[in-house]
Amino acid sequence: MRPSLVIVGAGPRGTGLLERIAANVPGMYADQGLDIHLVDPHPPGAGRIWREAQSPLLWMNSHAEDVTMFTDDTVSMAGPVEEGPTLHEWAGIDGRTFTGRRLQGSYLRWVHERTVARLPPRVRVHHHPRRALRVDGPREGRQQVWLEGRPRPLLADLVVLALGHLDAEPDDEQRALASYARTHGLVHLPPGFTADSDLSALPAGEPVLVRGFGLAFVDLMVLLTEGRGGRFEDGTYVPSGREPVLYVGSRRGVPYHSKIGYDWTGERPPLPRFLGPAEIDALLARPGGFDFRRDVWPLVEKELGFAHYHRLFTAHPGRTALPWPDFEAKYAVADAAERAALVASAVPDPADRLDLAALDRPLDGVRYASSADLQEGMRGYIENDLTRRHDAGHSPDLAVFLGLLSVYGQLVRLGDIGGWWHGFFSSLASGPPGPRLRQMLALSRAGVLRLVGADMAVAAQDGVFRASSPTVPGVRIEARALVEARLPQPTVERTRDGLLRELYADGAAATPDGLLAVDPADGRVLDRAGRPHPRRFALGPHTDARGSGAFTRPRTGGPAFRQNDATARAALAFLTELAERAAVQADSAGFHRPPPVFKGCTR
């Protein structure tokens, strides 16, 4: 029987794994045949999230030049580098474009097709447009992957779960809100993927409470305004009359920071400096484990501060009061309190100092007398954010962005460190394009978008939903519709993916936050005794080695690429050993292979 590998999930993560298999096969997999089965009801390459069949109004939140599916020499991996075009090079468009997701889906489909074409003839790829229901089989034997609508399972020597983002069953709060909505004839949309949500139940002209101010909200905003016939013209919004009135709040109460709108010039900060491989090794070696806030966050703060001040002192020395070498030497040995004093003496303007707490929670302690005052204040906040993020005079902000990428790449090795860090990272480094924030301003001025404030609370009372925030004390907003504008939490206990849920029920380990536990070295699924399964791997956001997204910026080390390469090489090494053992067993049993046939000869 030919060796067989089943990859469940043919979206960008599964495609990235396939690309690494194709890159490593020539040097690792000799002449054996191999069947690779891709299981996904959605198109290979793009998968569900990036499929080409979605609204043309939905954009990527990255510049086209910042999106690649191909490795380069900055990726720390054992496999060979196989370079390829970024999205903007492939599409022939301006690299600074925020392109639509449908074009990204086309790019991913092309990457998949290119990868399959580069595989040797002995490696065959089969796509099964079905859902995988479960995986079973002995630890030391072939696995069985059962598919929806197929009476017999796929037999696999190895299985890799590359499931991507998944739907989830509601938690206790969401179940209570949904029940209340059914009882009182209200509309409640739980956390989910906005592009797949049925928004038709949100009535025109009526207030809708929206909890969540990240990228899921941006999609919702677009689909309920432009998607209903409105249009943006010269900084204003011309409504169609079919829009609801969106009352939006969140923990921070403000949208994510705008994408930076200028390019890097000059010397880059030498990263990592204070949070690199040695520091991660020390954290992992701590006998009692580590606490993120106590042990990791101080290193993150110091690293981001170093990136910020390196740029300020080297690119804008007129705004500093010390030579950079003197500041750097003192900064390196200072504790947190000493660093604050050093910065106060060396950076005269407080606007040039890095304040991570204020960046993360700008409304902490802020109070407005009325909702109207809040709207005016928030428009000023968004305008200031847009101005700053598009002014190279504030280029230390871009240095902090580079620092965040460096830190993210290091923290991947620590596994599941909780959701707070990912939210912090996203708010600073993964915000919407500037034009989206300008649209928010236009919608605010048109009265279609109204902010609620920070720490938004929602109560189900007197037959309606009510929202409040300490940002505007005493104000309550009533609505008959509530939308949770955020992705479901990736937990193995509440996922709607039956395969992953059964895997957990059968003994796979999970972290306290509900992520599937995997071996950080190669992605093998761990059981509750900490043993890696020899034939099951997992990659992606449902695991505690989720890393960055499935695609990344060129020349930034690509943690996901590193993970894909490690898993691909582990799989090929296992399959090679399996084939060699089978050959030895066949020879010892007296079964000999026929002699080879050479070109021009007969037998």
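Residues numbered from 1 in each chain as written. Predicted model: local features only at pLDDT ≥ 70, side-chain atom pairs only at ≥ 80, totals over all residues. Heavy atoms only, no water.

## So, the side chain of Asp397
Right, on to step 1. Note on placement: Asp397 falls in helix α12 (residues 396–411).
Right, on to step 2. Here Asp397 falls in the buried class, since its relative accessible area comes to 12%.
Right, on to step 3. Discounting residues that sit within four places of it in the chain, Asp397 has contacts with Ile260, Tyr262, Arg388 and Arg389. (Helix = DSSP H or I, 4+ residues; strand = E, 2+ residues; numbered from the N terminus. Buried < 20%, exposed > 50% of the residue type's maximum accessible area, 1.4 Å probe, protein only. Contact = heavy atoms within 4.5 Å.)

## A closer look at the pattern of salt bridges
Right, on to step 1. Evaluated as defined, the whole model comprises 41 salt bridges.
Right, on to step 2. In this structure, the salt-bridge partner of Asp35 is Arg2, at a minimum N-O distance of 3.1 Å. Linking Asp35 in strand β2 (residues 34–39) with Arg2 in the segment before β1 (4–8), this pair joins segments that are 33 residues apart in sequence.
Right, on to step 3. Its relative accessible area of 11% is what places Asp35 among the buried residues. (Salt bridge = Lys/Arg side-chain N within 4 Å of Asp/Glu carboxyl O.)

## Describing helix α15 (residues 498–505)
Right, on to step 1. Here α15 has its buried residues at Leu499, Leu500 and Leu503. Angularly, the buried residues of α15 cover 95° about the axis, an arc narrow enough to put them on a single face.
Right, on to step 2. Residues of α15 that are buried in the fold lie against β1, β4 (132–136), β7 (158–161) and β19 (532–538).
Right, on to step 3. One or two steps after α15, the chain reaches Gly507, where phi turns positive at roughly 120°. (Arc of directions from axis to C-beta.)

## Structural notes on the sheet that holds β4
Across a sheet, paired strands are connected by hydrogen bonds in the backbone, their directions being either parallel or antiparallel.
Right, on to step 1. Pairing within the open sheet is antiparallel, and its three strands lie in the order β4-β5-β6. Two strands bound the open sheet, and with one partner strand each, they are β4 and β6 (154–156). Taking the axes of each pair of neighbouring strands and ignoring which way they run, one obtains an average angle of 25° across the sheet.
Right, on to step 2. As judged from the four bridges shared by β4 and strand β5 (residues 143–147), these two strands associate in the antiparallel manner. Among the inter-strand pairings, Val135 is bridged to a residue of β5, identified as Val145. (Pairing = 2+ DSSP bridges. Axes fitted to C-alpha atoms, helices over the stretch in contact; angles between N-to-C directions.)

## Here's the deal with the side chain of Thr471
Right, on to step 1. Turning to its location among the elements, Thr471 is positioned in the loop between β15 (464–468) and β16 (477–479).
Right, on to step 2. The buried category is assigned to Thr471, whose relative accessible area is 1%.
Right, on to step 3. One polar contact links the side chain of Thr471 to the main-chain amide nitrogen of Ala454, over a distance of 2.9 Å. (Polar contact = N/O pair within 3.5 Å; in protein donor to acceptor, adjacent residues only side chain to side chain.)

## Focus: the nonpolar core
Right, on to step 1. Residues Leu202, Val210, Phe217, Met440 and Leu449 are the most contacted members of the largest nonpolar core, which totals 38 residues.
Right, on to step 2. Elements supplying a minimum of two residues to this core: β8 (187–189), β9 (207–211), α5 (215–224), β12 (245–250), α11 (371–389), α14 (434–445), β13 (449–454) and β17 (481–484).
Right, on to step 3. It is α5 that contributes the most residues to this core, seven residues altogether.
Right, on to step 4. Ignoring any residue separated from it by four or fewer positions in sequence, one finds Leu449 in contact with Phe217, Leu246, Val248, Gln375, Met440, Leu443 and Ser444.
Right, on to step 5. In this structure, Val296, Val400, Trp421 and Phe425 belong to the second largest nonpolar core, which totals 30 residues. (Core = buried A, V, L, I, M, F, W, Y, C linked by side-chain atoms within 4.5 Å.)

## Some words on the pairing of β19
Right, on to step 1. The buried count for β19 comes to six of seven residues, which makes it a mostly enclosed element.
Right, on to step 2. Bridging between β7 and β19 involves three bridges; their strand directions are parallel. Bridge pairing links Val160 to Phe537 in β19.
Right, on to step 3. As paired strands, strand β18 (residues 524–526) and β19 are joined by two bridges and run antiparallel to one another. Bridged to Leu526 within β19 is Pro532.
Right, on to step 4. Linking two consecutive strands that pair antiparallel, namely β18 and β19, is a turn of five residues; a positive phi of about 85° is found at Gly530 within it.

## As for the pairing of β15
Right, on to step 1. For β15, the tally of buried residues reaches five of five residues, placing the bulk of the element in the interior.
Right, on to step 2. Neither face of β15 is open: one carries Val464, Arg466 and Ser468, the other Phe465 and Ala467, and all of them are buried.
Right, on to step 3. One ladder, built from five bridges, connects strand β14 (residues 457–461) with β15; its direction is antiparallel. Each residue of the ladder has a partner; that of Val458, found in β15, is Ala467.
Right, on to step 4. Here β15 runs beside β16; their pairing, made up of three bridges, is antiparallel. Within the sheet, the bridge partner assigned to Arg466 lies in β16 and is Glu478.

## Brief notes about the packing of aromatic side chains
Here a ring pair, both rings aromatic, is described through the centre-centre distance and the interplanar angle of the planes.
Right, on to step 1. Tallied over the full model, the rule gives 26 aromatic pairs.
Right, on to step 2. Ring plane angle 50° and centroid distance 5.6 Å describe the contact between Phe313 and Trp324, whose orientation is recorded as tilted. Taken together, the positions of Phe313 in helix α7 (residues 292–315) and Trp324 in helix α8 (residues 324–333) put the pair 11 residues apart, joining distant regions of the chain.
Right, on to step 3. Following the ring pairs from residue to residue traces out a cluster consisting of Phe274, Phe306, Tyr309, Phe313, Trp324, Phe327 and Tyr331. (Phe/Tyr/Trp six-rings, centres within 6.5 Å; stacked < 30°, edge-to-face > 60°.)

## Some words on the packing of α11 against α14
Right, on to step 1. At a minimum axis distance of 10 Å, the contact between α11 and α14 shows a crossing angle of 160°. When the interaxial angle is binned, α11 and α14 end up roughly antiparallel. The element α11 and its partner α14 pack so that their crossing is left-handed. On α14, the residues touching Arg379, Ile382, Glu383, Asp385 and Leu386 of α11 are Gly434, Leu437, Arg438, Leu441, Ser444 and Arg445. (Parallel < 35°, antiparallel > 145°, perpendicular 65-115°, else oblique. Left-handed = near helix turned anticlockwise from the far one by under 90°.)

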